[in-house]
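# Structural characterization, general
Each chain, written out:
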Number of protein chains: 2
Amino acid sequence: MLMKMSSLFVRTLREDPVDAEVASHRLLVRAGYIRRAAPGIYTWLPLGLKVLAKVEQIVREEMDAIGGQEVHFPALLPKEPYEATGRWDEYGPNLFRLQDRKGADYLLAPTHEEMFTLLVKDLFSSYKDLPLALYQIQTKYRDEARPRAGLIRGREFIMKDAYSFDVDDAGLERSYELQRGAYQRIFDRLGLEHVIVRAMSGAMGGSRSEEFLHPTAIGEDTFVRSPGGYAANVEAVTTPAPAPVDFTDLPPAVVLDTPDSTTIDTLVEAANRLHPRSDRPWTAADTLKNVVLALVHPDGTREVVVVGLPGDREIDLKRLQAGVEPAEVEQAGEEDLKAHPELVKGYIGPAVLGPNGAPRDENGDGGALRYLLDPRVSPGTSWVTGADADGKHVFGLVAGRDFTADGTIEAAEVRAGDPAPDGSGPLELARGIEIGHIFALGRKYAAALDLKVLDQNGKAVVVTMGSYGIGVTRALAALAEANHDEHGLVWPMQVAPAHVHVLATGKGEEIFAAAERLAQGLEAAGMEVLYDDRPKVSAGVKFADAELLGVPLSVVVGKGLADGVVEVRQRRSGEREEIAPDLAVARLRELVDEALAG
Amino acid sequence: MLMKMSSLFVRTLREDPVDAEVASHRLLVRAGYIRRAAPGIYTWLPLGLKVLAKVEQIVREEMDAIGGQEVHFPALLPKEPYEATGRWDEYGPNLFRLQDRKGADYLLAPTHEEMFTLLVKDLFSSYKDLPLALYQIQTKYRDEARPRAGLIRGREFIMKDAYSFDVDDAGLERSYELQRGAYQRIFDRLGLEHVIVRAMSGAMGGSRSEEFLHPTAIGEDTFVRSPGGYAANVEAVTTPAPAPVDFTDLPPAVVLDTPDSTTIDTLVEAANRLHPRSDRPWTAADTLKNVVLALVHPDGTREVVVVGLPGDREIDLKRLQAGVEPAEVEQAGEEDLKAHPELVKGYIGPAVLGPNGAPRDENGDGGALRYLLDPRVSPGTSWVTGADADGKHVFGLVAGRDFTADGTIEAAEVRAGDPAPDGSGPLELARGIEIGHIFALGRKYAAALDLKVLDQNGKAVVVTMGSYGIGVTRALAALAEANHDEHGLVWPMQVAPAHVHVLATGKGEEIFAAAERLAQGLEAAGMEVLYDDRPKVSAGVKFADAELLGVPLSVVVGKGLADGVVEVRQRRSGEREEIAPDLAVARLRELVDEALAG
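Predicted model, so just to flag it, every value in this text is computed and none were measured.

## A few points about the overall build of chain A
- Counting secondary structure elements, chain A contains 14 helices and 32 strands.
- Projected onto its principal axes, the C-alpha positions of chain A cover 95 × 70 × 50 Å.
- Across the 598 residues of chain A, 48% fall into the buried class.

## Topic: the sheet that holds strand β30 (residues 553-557) of chain A
Residue and element names in this part refer to chain A.
- The strand order β1-β29-β28-β30-β31-β32 describes an open sheet built from 6 strands, whose pairing is mixed. Each having just a single partner strand, β1 (3-4) and β32 (576-579) make up the two edges of the open sheet.
- For β1 and strand β29 (residues 529-532), the ladder comprises 2 bridges, and the chain directions are parallel. Considered in β29, the bridge of Met3 is made with Leu530.
- Sheet strands in contact with helix α13 (residues 539-549) are β28 (500-504), β29 and β30, and its direction is about 170 degrees off that of β28.

## Some words on unusual backbone geometry
- With an omega of 0 degrees, the peptide bond between Leu130 of chain A and Pro131 of chain A qualifies as cis.
- Structurally, Pro131 of chain A is set in the loop between α5 (113-123) and β8 (132-141).
- Phi at Asp388 of chain A takes a positive value of approximately 60 degrees, unusual for a residue other than glycine.
- Summarising the element assignment, Asp388 of chain A is placed in strand β19 (residues 382-389).
- You can call Asp388 of chain A buried: it has 21 C-beta atoms within 10 Å.
- Its identity is not glycine, yet Lys536 of chain B carries a phi of approximately 60 degrees, on the positive side.

## What about the sheet that holds strand β20 (residues 392-398) of chain A?
Residues and elements named next belong to chain A.
- Taken together, the 3 strands give an open sheet; going across it, the order is β14-β20-β19, and neighbouring strands pair in antiparallel fashion. The outermost strands of the open sheet, each flanked by one partner alone, are β14 (254-257) and β19. On average, each strand axis in the sheet is tilted by 35 degrees relative to the strand beside it, whichever way the strands run.

## Concerning the interface of chain B and chain A
- Contact residues are listed per partner, giving 42 residues for chain B and 42 residues for chain A.
- Elements with a contribution of two residues or more to the side of chain B that touches chain A: β2 (34-38), β3 (41-44), α2 (46-65), β4 (69-70), β5 (76-78), β6 (96-99), α5 (113-123) and β8 (132-141) of chain B.

## With respect to the relation of the copies chain B and chain A
- For the match of chain B to chain A, the screw axis carries a shift of 0.0 Å, the RMSD comes to 0.1 Å, and the turn is 180 degrees. Considering both components of the superposition, the chain copies are consistent with a two-fold axis. No C-alpha of chain B lies nearer the rotation axis than that of Leu98 of chain B, which sits 2.6 Å from it.

## Describing the environment of Lys50 of chain A
- In this structure, Lys50 of chain A sits in helix α2 (residues 46-65).
- As for Lys50 of chain A and Glu523 of chain A, which are separated by 473 residues in sequence, their C-alpha atoms are 16 Å apart.

## Re the confidence of the model for chain A
- Summarising the model, chain A shows a mean pLDDT of 94, and 99% of its residues fall at 70 or more.
- Across the interfaces of the predicted complex, the ipTM metric reaches 0.90, alongside a pTM of 0.90.

The rules behind the values
- Residues numbered from 1 in each chain as written.
- Chains lettered and ligands numbered in written order.
- Predicted model: local features only at pLDDT ≥ 70, side-chain atom pairs only at ≥ 80, totals over all residues.
- Helix = DSSP H or I, 4+ residues; strand = E, 2+ residues; numbered from the N terminus.
- Buried ≥ 20, exposed ≤ 12 C-beta atoms within 10 Å, placed from the backbone.
- Pairing = 2+ DSSP bridges.
- Contact = placed C-beta atoms within 7 Å.
- Axes fitted to C-alpha atoms, helices over the stretch in contact; angles between N-to-C directions.
- Least-squares fit on C-alpha atoms with pLDDT ≥ 70 in both.
- pLDDT = per-residue confidence, 0-100.

So, in structure tokens, the structure goes:
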């Protein structure tokens, strides 16, 4: 059906929307593809819906190609299955919860592991039924604290979520690899650059997980790469633990006066001024910084904890968060400090923390605050740190000799140049948008919901699962992000709302007649056409709109017509060529086919 | 992609689900098309999703054909627009309401008039932009008090909702007729018998409204038809008001003893026994019954009202409900009666009701209960009715002379044989499922949300709108309801999950090889094929499953193969023919094309 600009439900905007921080958001709104309905919630206008349908279709074809079967689950779901796996609580405030008229609890599903598990349990019962791969393309909900960047972090969004079911670990491995391959083909077909990185499983659970990141400066995720091929989401980077150091010959620790040294900078300055050492100056890397934080557990309890890390590193709250899920991390407040008078601000040291502090009861309750250490603070390392008294630090405090902790935690920032954990060289940092995430879930959900099948020996075994998500609307935003210039969008042919944009520029009736004939001819030749038939709209406005809308090819039917030519323009390269109207259909068919062939 | 039963995510059930009252629900569950996730909330399995996609596609094509432009709105919406039109309250407990993490109010949309109105206001501003028709196929929510009959009355369901925007009444009339025509074509293409009936606009508002009903004994809606072509939903039937009767010569009313006559039956018996009249016996039709009811208004206030109607008619609560919307009708309880001691149970009469009762203040508040009359209780009609004293009725009480009311109401049941309001003959009653509903909304929403455009004279005028809905999932259920037999579903070709079901019955490898070859051949010829390749499953089970699943054509590749034949079966007619395997593809292509051509 020929789309005509005179009646198409679209209005382009010359001004950026005030709330738009990123190009995809700005341009998708300005070009009339989407409109905001509420924070993080968008309406799809006709052109946007066409692009969305094409993205969905590519995802669907590749899922079908690996034997995935499409189903469709409700968005409104009862609480019970999510309670059985603990996620009703673990999701915390990210879950939209509601009650029906009878007071029964429901949620708007952020992801459907539980429901797929229960459905397979309902239908299948034998190892012969497996492997099984199911998927859906469906609307999901997540009550983000800070919805932002348009479609990139929304509260109502479309995901493709797939789930695999296997009888054993080898089967899961095969299913995981099949999905991984399909994801690569999907993003390749979309023309979306992507890096596969190791990731944390987080609230999802499971043994192995990888993210597909689209590298872009506006990405919310930071990831690392090494020359040797290591790649990981920054949350998943592990710090190589230094080998233990023999501390038998180290001198005993001494407490020294360090007045007015409540920050790492002032401490280093005081140490060098008051207690210089002969061989080299003190640096921030010699200090052990103890940072007070609060964890809010899913049941609502608040726990104050202390994280110790080298003074030259900052805490990365997202890394810390990933390490303590499902609890949520917050900065500790004045109230938290008041409740713990043993914490002397600016002079907190290990002596009052964790196993070194007040003893706990037989259940491990009460006593000193939990104390977690950066892996670099390994046995035998020696530190300058707080002496738990105002104006005093302790020098030469040796880990493993003078203090211990409740455990280690990956909470320190990762820096460019840090060694890759697998020894493959120094890390470089980059930013990306998470467009896909695959999880080898294992048996967490199947065990919680009792999904078993009979194996070859007639024995009931718990099924092992994988879960595989693509943010469909987010991938569309990433495409807009990667395909635009200062004038507007530049869609790849395979997802463009139309293949060719025909512009009638000029006043003569013959121009409009020729343009319409051409548009019809293009459509008859199997192309999707947007025809700018607006009378009384200047050529300049039509050109600007065409560049903003971003259809890959356009044909200008204007004053050249008198000389027997129309102009074919390529949006991406800016290339222009004049051609006789009679040859235009064949030429455009050729250009469209070339672009679709990639 | 060839669907193989050995790996297809489906399990047929031999037993009916316990909660299934109607055939469509029973068979869609048994055949593995849908599964219940929660009351009124269903999951779509692969075969169900294929049928759903075909129904949606037919709807989409016909919407596009009348120039409808597809958009897609969120399901999760902010409260404010619905508050502006009053529907946040009017929907009462039927609306799923929730709050986000910041405490802002949201709803799961049951329909999107407000959002479409605001979007058009956002984009368009001139009469030149109109007429405009937009639609979406989208998931809707309604917290039904009694979800039932599977997909027929669900709480999460798919609707196609369309909206038209015009500058004047004539435009709305044209838009309405276009949609009406598209609806007829949609239901014709689906092969779904339908009757167009007048309907009430209800909470939707507007001047004109028609329902598309699919006639079926299990329908929840009752409708009427007359020989002269009148058709209406029973809620919309109006009672022809009798011409006023001259009451100047009527004798005065008298109060008579009627002990133990608290029901119409006992009253008629007592009247004939104690106060017989000479010309004919008293009947229930001579009595005026006053029924006490409670209205719960959207703001939560409860109002007790009395409805007076001829004693031979019962109250039809659905008709009454339609007349008092957005209030909800309830039976009056003991508390309601206690609060109004003037109501003498079994002897309630007009003397204490409405304008005849205690006077109201200048605002119309206080005083006697509101009193509403059936139109048959018209001026000059004479009645036997309660005298507001225990054991006493009044005889010969004349409407308009001895009592009046606050208004009339259509609350009495409609009976077969009642006259059509347009004089087109006696009514017959039937039942149906509402599969579509079209509303000439007029300016209610545009006025409430200030949607105006500049007309030809540059004057801002309020836009006039129409709203047009099809219950997509409900239409699918109606199709299943209309197309089944005792063995299972019998899909029409145009919505069937596959065109041909190939069954390999027997044990020989050559049978499976031939069946697979045939299935591939059918697919290569453009047909959609379901192939029952299950080894070790008996022919009987395969035949039963094929009948339950309801694919229109099947081919049995079995023992006949040795004699050079396969058997083609037509699900609906039961016709069978033997044919050489080499000719099967062409023959089936022919049968599929015939069926698709209708």
